[in-house]
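Reading the structure
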Amino acid sequence: MSVKINALEVENVKRIKAVMLTPTESGLTVIGGNNNQGKTSILDTICWALGGERYRPSNPTREGSTVPPRIKITLSNGLIVERSGKNSALKVTDPSGRKSGQQLLNEFTSELALNLPKFMEASSRDKAETLLQIIGVGPELHRLEAEISTVYNQRLLHGREADSKKKYAEEMPFYPNVPKEPVSISELISQQQEILARNGENQRKRQLRDQYAAAMQRQSQIVKDLDRQLREARDRLLEISKDYTTAKQDALDLVDESTEELERSIAQFEQINVQVRANLDREKAMDEATALWEEYNHMSVQLDELRQAKIDLLKGANLPLPELGVEDGELVYRGQKWDCMSSAEQMKVATAI
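**Focus on the layout of surface pockets**
- Taken as a whole, the second largest pocket spans an internal volume of roughly 180 Å³.
- Lining the second largest pocket are Glu 145, Ile 148, Ser 149, Tyr 152, Arg 307, Lys 310, Glu 327 and Asp 328.
- For the lining of the second largest pocket, the secondary structure elements donating two or more residues are helix 6 (138–171) and helix 9 (260–316).
- Counting residues per element, the lining of the second largest pocket draws most heavily on helix 6, which supplies 4 residues.

**What about the sheet that holds strand 1 (residues 5–13)?**
- What the 5 strands build is an open sheet, ordered 2-1-3-4-5; its pairing is antiparallel. Edge strands, defined here as strands with exactly one partner in the open sheet, are strand 2 (16–21) and strand 5 (89–93). Direction aside, the axes of adjacent strands within the sheet are offset by 10 degrees on average.

**Observations concerning the environment of Glu 283**
- Residue position: Glu 283 is located in helix 9.
- The class of Glu 283 is partly exposed, set by a relative accessible area of 47%.
- Between the C-alpha atoms of Glu 283 and Glu 170, which are 113 residues apart in sequence, the distance is 9.8 Å.

**Topic: the pattern of salt bridges**
- Evaluation of the coordinates by the stated rule reveals 13 salt bridges.
- For Arg 70, the salt bridge identified is with Glu 11, shortest N-O distance 3.2 Å. Linking Arg 70 in strand 3 (residues 70–75) with Glu 11 in strand 1, this pair joins segments that are 59 residues apart in sequence.
- On the basis of relative accessible area, Arg 70 is assigned to the partly exposed category, the value being 26%.

**Focus on the sheet that holds strand 8 (residues 336–337)**
- The strand order 6-7-8 describes an open sheet built from 3 strands, whose pairing is antiparallel. Edge strands, defined here as strands with exactly one partner in the open sheet, are strand 6 (324–327) and strand 8.
- Taken together, the 4 bridges between strand 6 and strand 7 (residues 330–333) define a ladder with antiparallel strand orientation. Residue Val 326 lies in a different strand from strand 7, and its bridge partner there is Leu 331.

**Some details on the packing of aromatic side chains**
- Going through the model one piece at a time under the given rule, you end up with 1 aromatic pair.
- With centroids separated by 5.1 Å and ring planes inclined at 80 degrees, the aromatic side chains of Trp 293 and Tyr 296 adopt a geometry described as edge-to-face. Of this pair, Trp 293 and Tyr 296 both sit in helix 9, 3 residues apart, which is roughly one turn of that helix.
- Since its relative accessible area comes to 21%, Tyr 296 is described here as partly exposed.
- For Arg 282, the ring lying beneath its charged end belongs to Phe 174, and the centroid distance is 5.3 Å.

**A short note on the packing of helix 7 (residues 185–225) against helix 9**
- Where helix 7 contacts helix 9, the two axes come as close as 10 Å, and the packing angle between them is 160 degrees. Classed by the angle they form, the pair helix 7 and helix 9 counts as roughly antiparallel. For the pair helix 7 and helix 9, the sense of crossing is left-handed. Facing Ile 185, Leu 188, Ile 189, Gln 191, Gln 192 and Ile 195 of helix 7, the residues of helix 9 in contact are Leu 262, Glu 263, Ser 265, Ile 266 and Phe 269.
- For the contact of helix 7 with helix 9, the class distribution of residues is 7 nonpolar, 3 polar and 1 charged.

**Considerations on helix 7**
- With 41 residues, helix 7 should cover 60 Å at 1.5 Å per step; its first-to-last C-alpha distance of 60 Å lies within 8% of that length.
- Along helix 7, the positions that sit buried rather than exposed are Leu 188, Gln 192, Ile 195, Asn 199, Asn 202, Arg 206, Ala 215, Gln 219 and Val 223.
- Turning to helix 7, the residues buried within the fold contact helix 8 (230–252) and helix 9.

Criteria and cut-off values
- Residues numbered from 1 in each chain as written.
- Predicted model: local features only at pLDDT ≥ 70, side-chain atom pairs only at ≥ 80, totals over all residues.
- Heavy atoms only, no water.
- 1 Å grid on protein atoms, 1.4 Å probe; cavity = no way out; pocket = protein on both sides within 12 Å on 5 of 7 lines; lining within 4 Å.
- Points joined across faces, edges and corners; volume = space filled by probe spheres on them.
- Helix = DSSP H or I, 4+ residues; strand = E, 2+ residues; numbered from the N terminus.
- Pairing = 2+ DSSP bridges.
- Axes fitted to C-alpha atoms, helices over the stretch in contact; angles between N-to-C directions.
- Buried < 20%, exposed > 50% of the residue type's maximum accessible area, 1.4 Å probe, protein only.
- Salt bridge = Lys/Arg side-chain N within 4 Å of Asp/Glu carboxyl O.
- Phe/Tyr/Trp six-rings, centres within 6.5 Å; stacked < 30°, edge-to-face > 60°.
- Lys NZ or Arg CZ within 6 Å of the ring centre and 35° of its normal.
- Parallel < 35°, antiparallel > 145°, perpendicular 65-115°, else oblique.
- Left-handed = near helix turned anticlockwise from the far one by under 90°.
- Contact = heavy atoms within 4.5 Å.
- Nonpolar A, V, L, I, M, F, W, Y, C, P; charged D, E, K, R; others polar.
- Expected span 1.5 Å × (residues − 1).

Now the structure itself:
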């Protein structure tokens, strides 16, 4: 929790004859005036009162005054800091009964809060670190920036790999008129054997038809030659005729299947398989490129969320000035980095922090 000045009374210090200030509870208190009117004297007085003898002016008493300097500062933590008398001795009144004196003041008074020139001369990153320590979001902001950097680099790698995969896939040969899976030589031979088996069955039926035809001829001759066996022969003829009719009808509708196309596939199966594998490799490369692009887009959303979290973190922080923030580890005020701020803005930012 930061300690603020609730009230300030100064008499006869450097250019100050007498001044009494009561800063606002929130926001920034601006001390204005022309040159050589005592603005810097007020800041030097605060440094001396809180920082100790190392900040004591070499000649603190106002020129022409016979009254020694007097300083009284009331702090928000209840302490009352006074310097008065010929030697401007320090007196610290602590309502809670803790130890008093300069050691107590040093526990919560930062050197940068007193030594404004040191802050002004610090690098932009050191100024930013000071601000982050004051508002208490430094570690979380560093974590978010590190995670943003990691996700950005991962997304960049995925994008490059996706582009490379896509280009590689597009340059691969593609054969549109081939099967989606490699051709099996054993399957082609099996199909050929099935057709040959069916053709063999057809041939057997034709032979059976021819056998019945020959038997009919023989029986007809027997009828002619053996009149006494005519009845038996006619019965046999009728029976054989029926069988012949059935066999003839079966043979009439038979059509032999051609194995020409399968023979061509068998002869060209290796070439077809090369083309099929090429298509499969191209499809796999396309799928990998698509998956990488999806991951790239997911990381883009993640990157936006992290950046928004960084913005929300700084928006929710208790900044000493509106429009003051940290971007990429550097102090920024009204969108400008330290070296792009005007001298007045630099003084305002440094004093506020």
